[in-house]
Amino acid sequence: MASTLPVPQRYERPRSTEPPPDSPKCHIVEALGEDKTYKYSFTYEKATLYEFKFTRAPTPDPIDPCFRCNRRVLPKDQLKVDTFLYHKQCFRCRICGLPLTQKTYHRNNNNNKDDYEVYCRTHIGKNIAQIQRGEVPPMGIEGHTMPDGQGKKYIVQVGWNEAYPVLLYLVISYAYIQACVCTFMICKSFPLLLCLNRRKLYFAVNFPQMETNLDDHFNHHSPFLDSSSEEITGTTAKNALPPPGSSISPVPRPSPANSMTNVTSRSMNDTSQWTHASPNASYDMMPQSSALAASYAHSMRNFSHPKPVLKSFEDFDTTGVFEVQPLLEQRHKEEQERLLRFLAEEREKEMKRLDDTINLEKEKAAEELLNSFDQMSLQNSVPRSLVEERERIEDHFQHVRDERLRLVTDKISAEEKGRNGKMVDRHCQEMLMLIGEKDREADRSSLYDHSMKPPVETPDCKKSALYKSPAVFEHIDLRAIELAGRDFDNHTDLAKELTRDCHTELEKLRTIFRWVIAMDLSKNQVSGITRPQQLNPLMRGVKTGKETYHQLFKKLCSYAGLHCEIILGYSKGAGYKPGMRMEGNAFRNAWTAVFVEGSWRLVNCTWAARHVSGHRDNLPLLFYKYDEFYFLTDPDDYVYQHYPDDPAWQLLDIPLPFSEFLNLPVVKSPFFNYGLRFYSNYGATLTTDTGMVEIRLVTPKILGFGTLLEPVNKTASDPRQYDGRVLLRYVRNEAIFSVALPGTGMFYFTVYVGDYWHSECLESATCFLINCPRMSGSPSPPYPPVPFFGPTPVMETLGITADSNVDPLIVCNSDYLEINFKLLKDLKITHTFQYFEVEDGSISDIDRYVFLRSRNDKGANYLVRCPKEGFYIFSLYAADPTAGSDANNLDCAVRYLVICQEPSPNVAQFPKTCSRWQRCTLHEPLAGDLLTDKRYVFKMDIPQAVEVFVVIGDIYHHLKRKIGAAWESQVMTGPVSGTARVIARFQAGKDMSTFANMLEYKLVDDVETEI
């Protein structure tokens, strides 16, 4: 729908030689092009440049137009608000461009009753003129200002009179400069100060398109640099401005991309966000030019992040990283030893304090007991046994001590983990800063080094774009598994050996990941008398419980020069069922995110080493199974299982609310490993009033499935009532599960999956909660006990296709139905037809109610009749006659479930076919029971036959040959009941002088037929 908002009057940018002093600057330009295209530009200048633009086409697109830009909105990028569609990038405040959600947008009813645009809370009911006059804040979000005398903002202006000036903002305060000197001297990780310290400020920091060196400007005009020293000595940035008339080549503005909305936002708040940055601050928090900022915020997916200088093993080796890492690691070990001793002492103090408290309370209780005995002796009362009272007190205080010990132990363990976690984070950052120093030594002009933490952004590509199959890492995986069997004394040697054959960040991450999950930790079990100092140094923290596998993984990543973050949140792990609540510490978990190949990727090294129960030599066995899903998992798949406390670590374009996370189906890793997808968006809870629920899964191939339906509140009811309540059928690339509940209530429905269509080993894939508060009508009967209906892989292998019934579920309410198959080559085929008795669950063969009417090289035509109401199972078996020894082993190619709701009152059986009834076609009579004393027309096609007869008793009725292979004649059945046979003599082989049985009919006095 096109926007009905009238085009406001044009506001021209003020032409001025200088920007207004000491005030934020806001410029709004609206214009109509010659082709009636509306253009809007909102520029806000405060410490950094923020720019919002959009262009509206003159006419809306005929298909799904965006309300903001009139361009078509593709389904994957649609955001529907009321009756209007938006691009996700276009759903912003109409005035300032602030990103909105469906909970934060507002409608503007003050300007125009037909104004259906969306606004932020600041600009609801406001107009552009009010902003220009300064009556309304220009931005929907304003940051905190700094106290007077600190954080004063200065502007470097270049070419202000240009239509679109190039602005370079340097936000510097005297207090901040002094605070950063120490940081710079220690880590030298702040890029701007580093450049100043080296007396070279490359314009490429802010303008990568240019390589202008501002060395001359800072040599002559910068107060921060003295000509005889590299110390930072200045107190203001005012004199750092280029002199009037200085010439700096303008930066070409980036060309507009496909999106009609362009937002440039280096920082929507004031400078406090980056002027107080820590050494691990994100490099995207540095002030940037308007041109670079516009390109950056326009599409982060198209932005090429600066690449680290050192990536491969050769880079680390040649620059001496491995030589300096042991020194830093030794210092870390000493700090860790001090922390362990301190924690051990604190634990002993807490235990002693607990024992002293218990002893004092016990003494007080004993004193009270003695006083009570004295009182009872004065009153001539008979006291209880002193021994019994002492035992009661001992038992009571033992119970109190055990309970308090548990609480104290939990508290101490949490504190120890917290302290150790902070220490690990600091050690990892120091290791990355060390590698960052080597980065700068290798290339002083690089825009990025390892000490700079990348911003948290959505990955720019799927996991499949990084590698197609785990087979590409085969040699790396084998080496990691081999090294898992060796002991190492320090992380440097381990990281060096792991990354020896690695040339990329992805390969380094892979080998570390496989080493962690391949470690056989059972050999490092800690007994009750083992001292922590006796453990393997690399595994000491893990086995004593003070360090997690994620922290060990993070350590190794830092030694390899990879940024790794440990993420905390909730997980739908073991024991979680759909509909459960997540509160407190229940279902709390941790996982990691690693910055590799220019994007943050999700990794879970603990869930990747899944515990699998099995048997070996008839003994129970618990072992690890590697799970590829948890290596670089795509965020839209990972969010089914994990929800981080910080929504940014969802790594999604639009973060998912916690309520929607709880409402997602419970999905396990096999669901994604086998390539499954939901046909539509299902919730975790499915509600029905009919007792029927259908779930569709999109499958890459025919897989093996199993299901389990069980009540939420298990009672003593017969579990057999849940058998046969799930029908599975394959329709093209879909697996359709139809659940027929036995009654009202709440049920868990779990789907299991295996790699092969008749796999016996299945893994849990997904689970739902089915709620049936009431049921209209009686419950549906159970389905036949058949694993699934539809094609098997045999059907595709032999080239058989269903010509008439693609869905294996067929409803028959007529005299008969036809099932046709197309064949690509000559095959051996046969069939079975069975009836399922609902009452007792038995299955009986009724082959006389299915008939192979026609069979040739190109196909087969079956006729099926249903004599009574119920379920019928039709199965086709086939084999390739040229397959040698397997030619006689006919496998199931397809199964059909035929449901008869209204059977025909006069249903007759089909004639019985014999082994030679191949490549033949029967036209009439189709009924297998023929009445006596009645004339019938026999018409059929029997290729290569020389003679065809209908034999009734001792009488041979000759059929006349028609065109081609057709045989036809009228035959009188006679007065005697019995059998009528169709026989034929062929030209080839032994059939030259003998007749072969083709069909067999029954001669009856009436038409009554039973199964």
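Refer to the structure printed above.
Source: prediction; values computed, not measured.

Thresholds, definitions, all that
- Each chain carries its own residue numbering, running from 1 in the written order of its sequence.
- Owing to the predicted nature of the model, reporting of local features is limited to residues with pLDDT of at least 70; listing and counting of side-chain atom pairs is limited to 80 or more, with chain, interface and lining totals taken over all residues.
- Note that the side-chain values use all heavy atoms of the structure and ignore hydrogens as well as water.
- Only DSSP runs of H or I reaching four residues or more are called helices, and only runs of E reaching two or more are called strands; each is numbered from the N terminus.
- Each residue is placed in one exposure class: buried if its accessible area under a 1.4 Å probe, protein chains only, is under 20% of its type's maximum, exposed if it is over 50%, and partly exposed if it falls in between.
- Note on definitions: a residue-residue contact is assigned when non-hydrogen atoms from the two residues lie within 4.5 Å.
- Accessible areas in this description were obtained via Shrake-Rupley with a 1.4 Å probe; residue shielding takes into account the shown protein chains only.
- For helices, the fitted line uses only the C-alpha atoms of the stretch in contact; every axis is such a line through C-alpha atoms, and the angle between N-to-C directions lies from 0 to 180 degrees.
- What sets the label is the angle itself: under 35 degrees gives roughly parallel, over 145 gives roughly antiparallel, 65 to 115 gives roughly perpendicular, and the rest give oblique.
- Two helices crossing with the near one rotated counterclockwise from the far one by less than a right angle form a left-handed crossing, whereas a clockwise rotation gives a right-handed crossing.
- Gly is placed with the polar residues, together with every amino acid not listed as nonpolar (Ala, Val, Leu, Ile, Met, Phe, Trp, Tyr, Cys and Pro) or charged (Asp, Glu, Lys and Arg).
- The term salt bridge refers to a side-chain nitrogen of Lys or Arg lying within 4 Å of a carboxyl oxygen of Asp or Glu.
- We call a pair of cysteine sulfur atoms a disulfide whenever their separation is within 2.5 Å.
- Note on ring pairs: Phe, Tyr and Trp rings are taken, using the six-membered ring of Trp, and paired if centres are within 6.5 Å. Classes follow the plane angle, with under 30 degrees stacked, over 60 edge-to-face and the rest tilted.
- Two conditions define a charge sitting above a ring: the NZ of Lys or the CZ of Arg must be within 6 Å of the ring centre, and it must be within 35 degrees of the ring normal.
- Only strands joined by at least two bridges in the DSSP assignment are considered to pair.
- Residues qualify for a patch when their relative accessible area is over 30% and they have no salt bridge, like charges being joined within 9 Å and the nonpolar side chains of Val, Leu, Ile, Met, Phe, Trp and Tyr within 5 Å.
- The positive count covers Lys and Arg only, the negative count covers Asp and Glu only, and His and the chain ends enter neither.
- Every charge is mapped to an atom, namely NZ of Lys, CZ of Arg, CG of Asp or CD of Glu.
- Polar contact criterion, stated in full: a pair of N or O atoms within 3.5 Å, where within protein one must be able to donate a hydrogen and the other to accept it, and residues adjacent in sequence count only if both atoms are side-chain atoms.
- Nonpolar cores were defined as sets of buried Ala, Val, Leu, Ile, Met, Phe, Trp, Tyr and Cys residues, with membership established by side-chain atoms within 4.5 Å.

Caption draft 1: Here's a closer look at the overall build of the protein chain. In terms of regular secondary structure, the protein chain is built from 19 helices and 48 strands. Every one of the 1011 residues in the protein chain was classed for burial, and the buried ones make up 47%. Sequence separation of at least 24 residues holds for 64% of the intrachain contacts in the protein chain that already meet a minimum separation of 6. Accessible area for the protein chain stands at about 51100 Å²; split by element, carbon and sulfur atoms hold 50% of it.

Caption draft 2: Geometry of unusual backbone geometry. With omega at -5°, the peptide bond leading from glutamate 924 into proline 925 counts as cis. Along the chain, proline 925 turns up in the loop between strand S40 (921–924) and strand S41 (929–931). Residues other than glycine seldom take positive phi values, yet aspartate 64 does so here, at roughly 45°. In this structure, aspartate 64 sits in the loop between strand S3 (48–56) and strand S4 (78–81). Its identity is not glycine, yet arginine 732 carries a phi of approximately 55°, on the positive side. Among the secondary structure elements, arginine 732 is positioned in the loop between strand S25 (726–731) and strand S26 (734–740). Residue classification places arginine 732 among the exposed positions, given a relative accessible area of 69%.

Caption draft 3: The packing of helix H13 (residues 505–518) against helix H15 (residues 549–559), seen in detail. Viewed as axis vectors pointing N to C, H13 and H15 meet at an angle of 150°, and their least axial separation amounts to 10 Å. The orientation of H13 relative to H15 falls into the category roughly antiparallel. Note that H13 runs across H15; the crossing there is right-handed. For the pair formed by H13 and H15, the contact residues are Leu509, Ile512, Phe513, Trp515 and Val516 on the first element and Leu552, Phe553, Leu556 and Cys557 on the second. In terms of residue class, the contact of H13 with H15 is built from nine nonpolar, no polar and no charged.

Caption draft 4: Examining the packing of helix H12 (residues 491–498) against H15 more closely. Where H12 contacts H15, the axes come no closer than 9 Å and their chain directions differ by 70°. The angle between H12 and H15 places the two elements in the roughly perpendicular class. The chirality of how H12 crosses H15 is right-handed. Facing His491, Thr492, Leu494 and Ala495 of H12, the residues of H15 in contact are Leu552, Lys555, Leu556 and Tyr559. The class makeup of the residues in the contact of H12 with H15 is five nonpolar, two polar and one charged.

Caption draft 5: Expanded view of the pattern of salt bridges. In total, this model carries 41 salt bridges according to the counting rule given. Residue arginine 440 pairs with glutamate 437 through a salt bridge whose shortest N-O separation is 2.8 Å. Taken together, the positions of arginine 440 and glutamate 437, both in helix H9 (residues 386–442) and three residues apart, correspond to about one turn of that helix. The exposure class assigned to arginine 440 is buried, which follows from its relative accessible area of 9%.

Caption draft 6: Spatial organisation of the state of the cysteines. Here the structure, examined in full by the defined rule, presents zero disulfides. Of all cysteine sulfurs, the one in cysteine 120 lies closest to cysteine 93, which takes part in no disulfide; the gap is 3.6 Å.

Caption draft 7: The packing of aromatic side chains, seen in detail. Inspection of the entire model under this criterion finds 54 aromatic pairs. Between the aromatic rings of phenylalanine 84 and tyrosine 116, the centroid separation amounts to 5.5 Å while the plane-to-plane angle is 40°, which identifies the pairing as tilted. Within this pair, whereas phenylalanine 84 is found in strand S5 (residues 84–87), its partner tyrosine 116 is found in the loop between strand S6 (106–107) and strand S7 (118–119), the two being separated by 32 residues in sequence. Using a relative accessible area of 6% as the deciding quantity, one classes phenylalanine 84 as buried. Taken together, a centroid distance of 5.1 Å and an interplanar angle of 65° make the contact between tyrosine 643 and phenylalanine 658 edge-to-face. In this pair, tyrosine 643 sits in strand S19 (residues 642–644) while phenylalanine 658 sits in helix H17 (residues 658–662), placing the two residues 15 residues apart along the sequence. Residue classification places tyrosine 643 among the buried positions, given a relative accessible area of 10%. By the ring-pair criterion, three or more aromatic residues cluster together here, those being Trp607, Phe629, Tyr630, Tyr640, Phe671, Phe672, Phe678, Tyr682 and Phe768. The ring of phenylalanine 661 carries the charged tip of lysine 572 above its face, separated from the ring centre by 4.6 Å.

Caption draft 8: The arrangement of the sheet that holds S25 in detail. Strand order in the open sheet formed by four strands is S21-S23-S26-S25, with antiparallel pairing between adjacent strands. Among the strands making up the open sheet, the edge pair consists of strand S21 (677–678) and S25. Of the pairings in the sheet, the one linking strand S23 (residues 692–698) to S26 comprises seven bridges and is antiparallel in character. When the bridges of S26 are listed, valine 698 appears paired with glutamate 734.

Caption draft 9: Representation of the sheet that holds strand S13 (residues 563–571) within the structure. Reading across from one edge, S18-S15-S14-S13-S19 is the order of the five strands in this open sheet, with antiparallel pairing throughout. Each having just a single partner strand, strand S18 (631–633) and S19 make up the two edges of the open sheet. For this sheet, the mean inter-axis angle between neighbouring strands, taken without regard to orientation, is 50°. Judged from the five bridges that link them, strand S14 (residues 588–596) and strand S15 (residues 599–603) form a sheet pairing that is antiparallel. Note that in S15 the partner of valine 594 across the bridge is arginine 601. H15 rests against S13, S14 and S15 of the sheet, and its axis sits at about 160° to S13.

Caption draft 10: Region of interest: H12. Where burial is concerned, most of H12 is hidden: six out of the eight residues are buried. The set of residues buried in H12 consists of His491, Thr492, Leu494, Ala495, Glu497 and Leu498.

Caption draft 11: View of H15. Counting buried positions along H15 gives 10 out of 11 residues, so the element sits mostly inside the fold. Positive phi shows up at glycine 561, right after H15, with a value of about 80°.

Caption draft 12: Structural context of a negative patch on the surface. Taken together, the side chains of Glu314, Asp317, Glu323 and Asp501 present a region of like negative charge at the surface. Along the polypeptide, aspartate 317 turns up in helix H7 (residues 313–318).

Caption draft 13: Region of interest: the pairing of strand S27 (residues 745–754). With seven of its 10 residues buried, S27 lies for the most part within the structure. Looking at chain direction, strand S24 (residues 704–711) and S27 are connected through eight bridges and run antiparallel. Paired with leucine 709 across the strands is phenylalanine 749, a residue of S27.

Caption draft 14: Region of the structure containing the environment of glutamate 507. Along the polypeptide, glutamate 507 turns up in helix H13. Owing to a relative accessible area of 18%, glutamate 507 belongs among the buried residues under this scheme. For the pair formed by glutamate 507 and serine 312, sequence separation is 195 residues and the distance between their alpha carbons is 9.1 Å.

Caption draft 15: Quick peek at the side chain of arginine 855. Within the secondary structure, arginine 855 sits in strand S35 (residues 850–855). One polar contact links the side chain of arginine 855 to the main-chain carbonyl oxygen of leucine 827, over a distance of 2.3 Å. Apart from the residues within four sequence positions on either side, arginine 855 is in contact with Leu823, Asp826, Leu827, Ile829, Ala860, Gln918, Arg919, Cys920 and Thr921.

Caption draft 16: A look at the nonpolar core. Formed by 90 residues in total, the largest nonpolar core has its most connected members in Leu509, Trp515, Phe553, Leu697, Phe705, Phe737 and Phe749. Examining the composition of this core, we find that seven residues originate from one element, H13, more than from any other. Not counting the four nearest positions on each side in its chain, phenylalanine 553 is found in contact with Leu509, Ile512, Phe513, Val516, Cys564, Thr592, Val594, Val603 and Cys605. Core analysis: the second largest hydrophobic core is formed by 32 residues, Leu827, Tyr849, Tyr862 and Tyr872 among them.

Caption draft 17: Up close: the pairing of S35. Within S35, six of the six residues are buried, which leaves it mostly tucked inside the rest of the structure. Sheet analysis places S35 next to strand S36 (residues 859–864), joined by five bridges and oriented antiparallel. Residue pairing for S36: arginine 855 is matched across the bridge by alanine 860. Between S35 and S36, which follow one another and run antiparallel, lie three residues.

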